[in-house]
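A structural walkthrough
Read off the chains here:
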Amino acid sequence: MRVFNFSPGPAVLPLEVLEQVRDELTDWQGRGMSVMEVGHRSKAFAACAAEAEADLRELLTIPAHYRVLFLQGGATAQFAAVPLNLTTTESVVDIVNTGHWSKKTLSEARHFCRVNVAADGASSNYNDVPAEDTWHLSRGAAYLHYTPNETIGGVEFPFVPRGAAPLVADMSSTILSRPIDINRFGLIYAGAQKNIGPAGLCVVIVREDLLGRARQETPTVLNYKLVADEASMLNTPPTFTWYVAGLVFKWLKRQGGVVRMGERNRAKAEKLYRAIDESDFYRNPVAPASRSWMNVPFTLARPELDKSFVSAAGEAGLVNLEGHRSVGGMRASLYNAMPPEGVDVLIEFMRDFARRNG
Ligand SMILES: *Cc1c(COP(=O)(O)O)cnc(C)c1O
């Protein structure tokens, strides 16, 4: 039996995709072997890889002067790869700190270059995005980095920042959740395990003029230019994850693409926030304009009820609702593959739980 899985990541995948993977697991394309057993340099896999890239380009309307890279090491490797590829030790980078993941970004960047924290959400306890007119940008910054969606805090930027420096975004938990204008960005990266596919892959979308600036000591597998020149097959890529990501892209196209997904995601999130706001029992601390569509943290009126909430939810087929260990409470992640019915069942369960325990 399938449950409604609200995990923040690795996260729910579309059932249709899992069924297709199952159906062709032992015999892919009539080859008598699994896609996992095919050489990454075979014609068959190269076609599969290229089709995934083409579908991603179509979904996000990625212009021709951007390269799409399929890397390993997750988003965390990019915390180092971005400064290695785009800075010298003398460079200054501007980083907006909106919580857990931006803190990881900036502490890693400090190993490589000078970091200016252009804005910090501390005064709102990281429950809001600092207003753009309060930011302190550096003249000549190598780039401006932000985290469009803070997966743990449930804080999402309601705008795309402006500035002279190339814009770099960690879109791990928000990519493909709605349309974006790629032209506004110098570089986007996203770990796969939230909205793209299984863990093991990190997608990088980079404007061509930013290639070829890597420091000499940059590890080859993190050097964007070298990886791009080899079509992300400089060494063995995570072939299975890449294949599943391709199936997810096809599924997204069948769903109506990111425009339709955006409408669906907005509706799912608004419904859940409304249910939280209308009750005295549940609470979400994030400023309404900065509330995430993807990750919805909430607390119960009495924290001692957390355990029984989680276990009763589990019995109702609603799993992985525990909040991050640093925050406590609950968090419902509503990625693309979470069907609207999952949110309806969760809201119904929450109302019932509040009635019984309020
Ligand atoms: C999950 C997540 C990461 C970490 O990704 P890894 O693939 O585990 O390195 C980084 N940034 C954001 C915004 C995330 O949601």
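In this report, the structure presented in the accompanying data block is examined. (Residues numbered from 1 in each chain as written. Predicted model: local features only at pLDDT ≥ 70, side-chain atom pairs only at ≥ 80, totals over all residues. Heavy atoms only, no water.)

1. Some points on the overall build of the protein chain
When its secondary structure is counted, the protein chain shows nine helices and 14 strands. Taking 358 residues into account, the globule formula puts the C-alpha radius of gyration at 21 Å, and the protein chain, at 21 Å, falls close to it. The C-alpha extent of the protein chain, read off along each of the three principal axes, is 60 × 60 × 30 Å. Counting every position in the protein chain, which comprises 358 residues, the buried fraction comes to 55%. Contacts in the protein chain between residues far apart in sequence, at least 24 positions, make up 65% of those at least 6 positions apart. In the form shown here, the protein chain has an accessible surface area of approximately 15500 Å², with 51% of it arising from carbon and sulfur atoms. In the protein chain, 38 side chains carry a positive charge and 39 a negative one; their mean positions are 2 Å apart. (Helix = DSSP H or I, 4+ residues; strand = E, 2+ residues; numbered from the N terminus. Rg over C-alpha atoms; globule rule 2.2 N^0.38 Å. Buried < 20%, exposed > 50% of the residue type's maximum accessible area, 1.4 Å probe, protein only. Contact = heavy atoms within 4.5 Å. Areas by Shrake-Rupley, 256 points an atom, 1.4 Å probe, with all protein chains shown as cover. Lys, Arg positive; Asp, Glu negative; His and termini not counted. Charge placed at Lys NZ, Arg CZ, Asp CG, Glu CD.)

2. Description of the pattern of salt bridges
Inspection of every chain in the model, using the stated rule, returns 17 salt bridges. Across the pair Arg 254 and Glu 16 runs a salt bridge, and its minimum N-O distance is 2.9 Å. You can see Arg 254 sitting in helix α6 (residues 239-254) and its partner Glu 16 sitting in helix α1 (residues 15-23), a full 238 residues away along the chain. Looking at Glu 16, the relative accessible area reads 41%, which means it is partly exposed. Note that Arg 260 and Glu 263 form a salt bridge whose closest N and O atoms lie 3.4 Å from each other. Here the residue Arg 260 and the residue Glu 263 both occupy positions in helix α7 (residues 257-278), the gap between them amounting to three residues, near one helical turn. For Glu 263, a relative accessible area of 47% gives the class partly exposed. Residues joined by salt bridges that share partners form a network here, namely Glu 51, Asp 55, Glu 58, Lys 250 and Lys 253. (Salt bridge = Lys/Arg side-chain N within 4 Å of Asp/Glu carboxyl O.)

3. With respect to the packing of α6 against α7
Interhelical geometry of α6 versus α7 gives an angle of 75° and a closest axis separation of 7 Å. Judged by the angle between their axes, α6 and α7 are roughly perpendicular. Along its contact with α6, which presents Trp 251, Leu 252 and Lys 253, the element α7 presents Gly 257, Met 261 and Arg 264. Along the lines of polarity and charge, the residues of the contact of α6 with α7 split into three nonpolar, one polar and two charged. (Axes fitted to C-alpha atoms, helices over the stretch in contact; angles between N-to-C directions. Parallel < 35°, antiparallel > 145°, perpendicular 65-115°, else oblique. Nonpolar A, V, L, I, M, F, W, Y, C, P; charged D, E, K, R; others polar.)

4. Section: helix α2 (residues 43-60)
Counted at 1.5 Å a residue, the expected span for α2 with its 18 residues is 26 Å, and the 26 Å between its end C-alpha atoms agrees. For α2, the complete set of buried residues consists of Ala 44, Phe 45, Cys 48, Ala 49, Ala 52, Asp 55, Leu 56, Arg 57, Leu 59 and Leu 60. Buried residues in α2 make contact with β2 (66-71), β10 (202-207), α6 and α7. Downstream of α2 by one or two residues, Thr 61 has phi in the positive range, about 45°. (Expected span 1.5 Å × (residues − 1).)

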